[in-house]
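Residue-level structural notes
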Amino acid sequence: ARPPRGAHVAPVRSFGQRPEYSGKAFADLVAWVDETAALLKPDNIFWVDGSAEENQYLLDLQVSEGRLIKLNEDLRPGSYLARSHPSDVARTEGRTFIASEREEDAGPTNNWADPAEMREKMTGLFDGAMRGRTMYVVPFSMGPVGGPLSQIGVQVTDSTYAVVSIEIMTRVGDDVVREIANGQEWVRTIHSVGAPLEPGQQDEAWPCNDDKYIVHYPEALEVHSYGSGYGGNAILAKKCFALRIASVLGRDNGWLAEHMLLIRVVNPEGKKFHVAAAFPSACGKTNLAMLRPTIPGYTVETLGDDISWLRPGNDGRLWAINPEAGFFGVAPGTGESTNVTAVETLWGNTIFTNVALRPDGDVWWEGLTDEAPEALTDWQGNPWTPDMEHPAAHPNSRFTVSAAQCPQISEDWDAPQGVPLDVILFGGRRATNVPLVVEATDWTHGVFLGSTISSERTAAAEGLVGELRRDPFAMLPFCGYNMADYFGHWLKVGASLRFDRAPRIFQVNWFRKGADGRFLWPGFGDNSRVIDWIIRRIEGQVDAVDSPIGRLPKTADLNLEGIEVSDQDLAELFDVNAASWAHEADLTETFYDTFDGRVPAALTDELNALRTRLEAA
Ligand code: GTP
Ligand code: SPV
Ligand code: MN
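Residues numbered from 1 in each chain as written. Chains lettered and ligands numbered in written order. Predicted model: local features only at pLDDT ≥ 70, side-chain atom pairs only at ≥ 80, totals over all residues. Heavy atoms only, no water.

**Some points on the site of ligand 2**
Here is the rule: One heavy atom suffices: a residue is near a molecule or strand as soon as one of its heavy atoms comes within 4 Å of it. Contacts described as polar in this section are N or O atom pairs within 3.5 Å, which, within protein, must combine one atom able to donate a hydrogen with one able to accept it, while residues neighboring in sequence count only if both atoms come from side chains. Comment: elements are numbered from the N terminus, with helices defined as DSSP H or I runs of at least four residues and strands as E runs of at least two. Polar here means any residue other than Ala, Val, Leu, Ile, Met, Phe, Trp, Tyr, Cys and Pro, which are nonpolar, and Asp, Glu, Lys and Arg, which are charged; Gly is therefore polar.
By nearness alone, every residue bordering ligand 2 is listed as R91, G231, G232, K238, K239, H259, S281, D306, F328, R398, A460 and F478. Here an oxygen atom of ligand 2 and a side-chain polar atom of R91 are 2.9 Å apart. Elements supplying a minimum of two residues to the shell around ligand 2: α7 (231-234) and α8 (237-253). Considering only residue class, the shell around ligand 2 consists of three nonpolar, four polar and five charged.

In structure tokens:
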């Protein structure tokens, strides 16, 4: 139960007190916090305990400071709107660095920086960066606290918005401090928006700095983030820790940290299958994670929508957990007809960022309803009407909501041991070439498919939207080490599985377009038709047709009952044009060449075999 409004004025307890534990490990934590505070020079230190009362206090505080807008309690209970600075709206990949000891360990796809130089640089930026602000100390767990696949960390931050976001996205609390005190290894992360306040200086609603640095020290298990308050730049447990740092932990310990959603599919016979899927940012993970099948007999349960940690089990299978506790999802395009599960998840207790505000105190974004309301306040706080050129919500506007609030969340979504994987999907946003679905012939071919994923750029990161770029395994911006070594690690993990128990790998593309520019496939709930074929395939119920790029469905085996897909569209959806694929193979070679011979021979062999098959086609 939430305390009555205004309760924070006379709190029942004093918030922010340091918990007390004995022993060296806890003393090390305190020493690190003190050292960090000595450098960043905040006015106060606030230890976050993750309680509901404290959370409400932090939300109310931000409302009173003008950082959050409280939404209409009757329409959207317990929910808030944040408006970022217009320059701070997405991850800044150009300002993201892997500061590994050796440059070759970062590889050509990452920005490398010398860790000693970077520490000096960051020390300079951090010095006094929290003046006039409170430094929050946020202990968090990725995965259930104490779980066998879980990892813990601490983020210090001067952003109250980051604190309440981390509280939704991870497990925050004193029980994490207890784990640290018990000697559990933890990741040290420092975040500052880089906007110290002089005495009497008027604050901004969304302070940030034009100079941004998101720096990872993989050997030291540390992250430094400066200048941004948005998403993956500021919620350091997410992309910085659970992908970039965790991928390095996985490399060194035989597991995988992946940019993957995770679902359980129950087929008409009641049999359960677990599917993980890697799609680049803003390419449909949250949507597939919340799939409502349009074909009868199937149900889908949500386990995770963005990150999966995969570990070989003693049984020779690959086990997966979702290390997060919430969804940080793209708002635009989320509506009754596309993702009704998300719409239902967002009924309340949600933080919205950069969406539009309705006159009645509720929120709106493009795609929530077919028609825009007559008058809105846009994401920057200006009056907006439907005749305006620019969208009311920013294209990368987001919702932050607890996973437990999803109506189709699986009862096993927080099972500490995870779930055994049956299927892995790789996908991207491709208007041409890539068929609706292709099955890999074996694990190595599947790794080849993953390594060749490319996708049209989206608004989730800075850059030109629509431009095609390589995004292997959907991990281009998130792999914390040399991508070629990462390909090799995937081969190694596959070899450590029992050959007949390894997940089967498929490539999918919901985004193929006809010559007239329209999507050939209805997508969303109808993607269940592709999942259905995949499951019947692994159950040995249907055959496939060999093509140069992998196995394709016989179109008669696809359940298309109830949708209109013309024969011509269907043919186009599965068309494999030898000439364009030969060009695609050339581009893959060019991409592989950027790794200076480090790409595993098994993958260059796959590329040669693809070319041979294309020539014979
Ligand atoms: P991140 O949170 O950035 O990692 O994104 P995501 O991969 O979770 O993508 P999300 O599910 O939020 O989808 C991003 C955009 O793609 C939204 O605008 C969706 O409406 C759209 N989208 C998702 N699935 C489909 C589909 O099957 N077909 C089409 N045409 N669009 C889709
Ligand atoms: C993505 O860009 O893949 C996201 C959003 O999920 S962020 O947390 O900002 O990385
Ligand atoms: Mn993502």
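Now, onward.
**Here's the deal with the sheet that holds strand β16 (residues 308-312)**
Put simply, the rule reads: Two strands qualify as a pair provided DSSP detects at least 2 bridges between them. Here, two residues are considered to be in contact whenever any of their heavy atoms come within 4.5 Å of each other. The axes used here are C-alpha line fits, helices contributing only the stretch in contact, and every angle between their N-to-C directions lies in the interval 0 to 180 degrees.
The strand order across the open sheet built from four strands is β12-β16-β17-β25, with neighbouring strands paired in antiparallel fashion. Edge positions in the open sheet fall to β12 (256-258) and β25 (419-420), since each of these has one partner strand only. One ladder, built from two bridges, connects strand β17 (residues 318-321) with β25; its direction is antiparallel. In the sheet register, W319 faces β25, and the bridge partner there is P420. Against the sheet, α8 makes contact with β12 and β16, and its axis sits at roughly 160° relative to β12, the strand it touches most.

**A few points about the UniProt feature "binding site: Mn(2+)" (unreviewed entry) in the protein chain**
Heads up, the condition is: UniProt positions are given in the numbering used here, feature names are shortened, and annotations may be inferred rather than shown by experiment.
Mapped onto this numbering, the UniProt entry gives "binding site: Mn(2+)" (unreviewed entry) at K239, H259 and D306. Across 68 residues in sequence, these annotated residues keep their C-alpha atoms within 9.6 Å of one another, forming a single compact spot. Within the secondary structure, K239 sits in helix α8. The contact partners of K239, leaving out residues within four places of it in the chain, are R91, G232, R244, H259, D306, I307 and F478.

**Focus: the coordination of the manganese ion (ligand 3)**
For clarity, the threshold we go by: For Na, K and Ca the donor cut-off is 3.2 Å, while for other metals it is 2.8 Å, and in both cases only N, O and S atoms qualify; water is not among them, so sites may look incomplete. Angular criteria define each label, namely tetrahedral for four donors with all angles between 85 and 135 degrees, square planar for four and octahedral for six donors with opposite donors over 155 degrees apart and remaining angles between 65 and 115, and irregular for whatever fails these tests. Buried, partly exposed and exposed residues are distinguished by accessible area as a fraction of the type maximum, computed with a 1.4 Å probe on protein chains only: under 20%, between the cut-offs, and over 50%, respectively.
Looking at the metal site, the manganese ion (ligand 3) is ligated by K239 (NZ), H259 (NE2) and D306 (OD), spaced 2.0 to 2.8 Å from it. Viewed at the metal, the six donor atoms of the manganese ion (ligand 3) are separated by angles of 60 to 165°, and the geometry they form is irregular. For the manganese ion (ligand 3), all donor residues lie on one chain, and their spacing in sequence is K-x19-H-x46-D. One end of the pair, K239, is in helix α8; the other, D306, is in the loop between β15 (299-304) and β16, and 67 residues separate them in sequence. Grouping residues by exposure puts K239 and D306 together as buried.

**Notes on the nonpolar core**
Here is the rule: What is meant by a nonpolar core is a set of buried Ala, Val, Leu, Ile, Met, Phe, Trp, Tyr and Cys residues, joined one to another through side-chain atoms within 4.5 Å.
Membership of the largest hydrophobic core comes to 160 residues, with the highest contact counts inside it found for L425 and W490. By residue number, the principal contributor to this core is α8, which donates nine residues. Grouped together as the second largest cluster of nonpolar side chains are 32 residues, A37, M122, F126 and W186 included.

**Describing unusual backbone geometry**
Positioned with a positive phi, N349 is a non-glycine residue whose angle comes to about 50°. Examined against the element boundaries, N349 turns out to sit in the loop between α10 (340-345) and β19 (351-353). Residue D596 is not a glycine yet carries a positive backbone phi of 50°.

**With respect to the pairing of β17**
Pairing geometry for β16 and β17, over four bridges, is antiparallel. Bridging across to β17, P312 finds its partner in L318. Hairpin geometry of β16 and β17 is characterised by an intervening segment of five residues between the two adjacent antiparallel strands and by a positive phi of about 80° at G316.

**A word on helix α13 (residues 528-538)**
In terms of burial, α13 is a largely internal element, 11 of the 11 residues being buried. Among all positions of α13, only S528, R529, V530, I531, D532, W533, I534, I535, R536, R537 and I538 are buried. Immediately beyond the C-terminal end of α13, within one or two residues, lies G540, with a positive phi of roughly 75°.

**Points about the sheet that holds strand β18 (residues 326-330)**
The five strands are arranged β2-β3-β19-β24-β18 in an open sheet whose pairing can be described as mixed. Sheet topology places β2 (69-70) and β18 at the edges, where each strand pairs with a single neighbour. Helix α2 (residues 52-64) contacts β2, β3 (80-82) and β19 of the sheet and is inclined by roughly 55° relative to β3.

**Quick word on the pattern of salt bridges**
Heads up, the rule is: Whenever a carboxyl oxygen of Asp or Glu lies within 4 Å of a side-chain nitrogen of Lys or Arg, that contact is scored as a salt bridge.
Tallied over the entire structure, the rule returns 40 salt bridges. Here D422 and R317 are joined by a salt bridge, their closest N and O atoms 2.8 Å apart. Note that D422 is positioned in the loop between β25 and β26 (423-427) and R317 in the loop between β16 and β17, a separation of 105 residues in sequence. Look at D422 and you get buried, because its relative accessible area is 18%. A relative accessible area of 24% means that R317 is categorised as partly exposed. As a salt-bridge pair, R504 and E439 come within 3.0 Å of each other at their nearest N and O atoms.

**Comments concerning the confidence of the model for the protein chain**
Heads up, the condition is: Values of pLDDT, ranging from 0 to 100, describe the predictor's confidence in every residue of the model.
Put simply, the protein chain has an average pLDDT of 96, and 98% of its residues get 70 or more. Between residues 1-12, whose pLDDT stays under 50, and residues either more than four places distant or in other chains, the model counts seven contacts. Scored as a complex, the prediction yields pTM 0.96 and ipTM 0.99.

**Considering the packing of aromatic side chains**
Where we set the bar: Only Phe, Tyr and Trp rings take part, Trp by its six-membered ring, and two of them pair if their centres are within 6.5 Å. Stacked means planes under 30 degrees apart, edge-to-face means over 60, and tilted covers everything else. For a Lys NZ or an Arg CZ to count as sitting over a ring, it must be within 6 Å of the ring centre and within 35 degrees of the ring normal.
Applying the stated criterion across every chain yields a total of 30 aromatic pairs. A ring pair is formed by F487 and F595, whose centres lie 6.0 Å apart and whose planes are at 65°; its orientation type is edge-to-face. Highlighted residues: F487 in helix α12 (residues 483-495) and F595 in the loop between α15 (578-593) and α16 (601-616), separated in sequence by 108 residues. Note on F591 and Y592: the rings are 6.5 Å apart at their centroids and 40° apart in plane angle, and the pair reads as tilted. With respect to class, F591 is no different from Y592; both count as buried. Through pairs of rings, three or more aromatic residues link up here, namely F426, W443, F473, Y481, Y486, F487, W490, F591, Y592 and F595. The ring centre of W186 lies 3.8 Å from the NZ or CZ of R188, which sits over that ring.

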